[in-house]
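So the chains spell out like this:
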Amino acid sequence: RVTALQGVRINLVACGSAHTAVASDNGQTFTWGWGVNGQLGHGDDQSLNVPTVVKRLQNVYASHISCGLAHTVMSSAVEKAVYSWGWDEYG
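Residues numbered from 1 in each chain as written. Predicted model: local features only at pLDDT ≥ 70, side-chain atom pairs only at ≥ 80, totals over all residues. Heavy atoms only, no water.

Caption draft 1: Region of interest: the sheet that holds strand 2 (residues 19–24). In space, the four strands of this open sheet follow the order 1-2-3-4, with antiparallel pairing throughout. One side of each edge strand has no neighbouring strand; the edge strands of this open sheet are strand 1 (10–15) and strand 4 (48–53). Adjacent strand axes in the sheet meet at a mean angle of 15 degrees when their direction is disregarded. (Pairing = 2+ DSSP bridges. Helix = DSSP H or I, 4+ residues; strand = E, 2+ residues; numbered from the N terminus. Axes fitted to C-alpha atoms, helices over the stretch in contact; angles between N-to-C directions.)

Caption draft 2: Examining the state of the cysteines more closely. Per the counting criterion, the structure on display carries zero disulfides. This cysteine, Cys15, is not joined by any disulfide, and Cys67 carries the nearest cysteine sulfur, 6.7 Å off. Given a relative accessible area of 55%, Cys15 falls into the exposed group. (Disulfide = S-S within 2.5 Å. Buried < 20%, exposed > 50% of the residue type's maximum accessible area, 1.4 Å probe, protein only.)

What follows is the structure, given as structure tokens:
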């Protein structure tokens with residue numbers, strides 16, 4: 001149970017090796033965990049212990065979300081766009 005998300009309807013969940021991303025039914029994406037390579041999407045490399053809204057993606061309704069070792073990718077069918085953040089050494 002993730003108490004910080006109590007009352008939030010979560011539609012999508014993705015887990016990387018040390019971070020997690022979830023998308024809610026009201027256009028919010030939350031991330032938490034290891035953030036050393038920016039994979040949490042908060043504009044820094046800080047790690048977070050609690051789910052935190054990715055402000056740059058407010059009101060972007062996720063269709064898919066995926067976490068890798070040190071990156072996160074989200075697509076939105078509504079916006080017809082793909083968003084990615086984190087370690088970009090090979091891509």
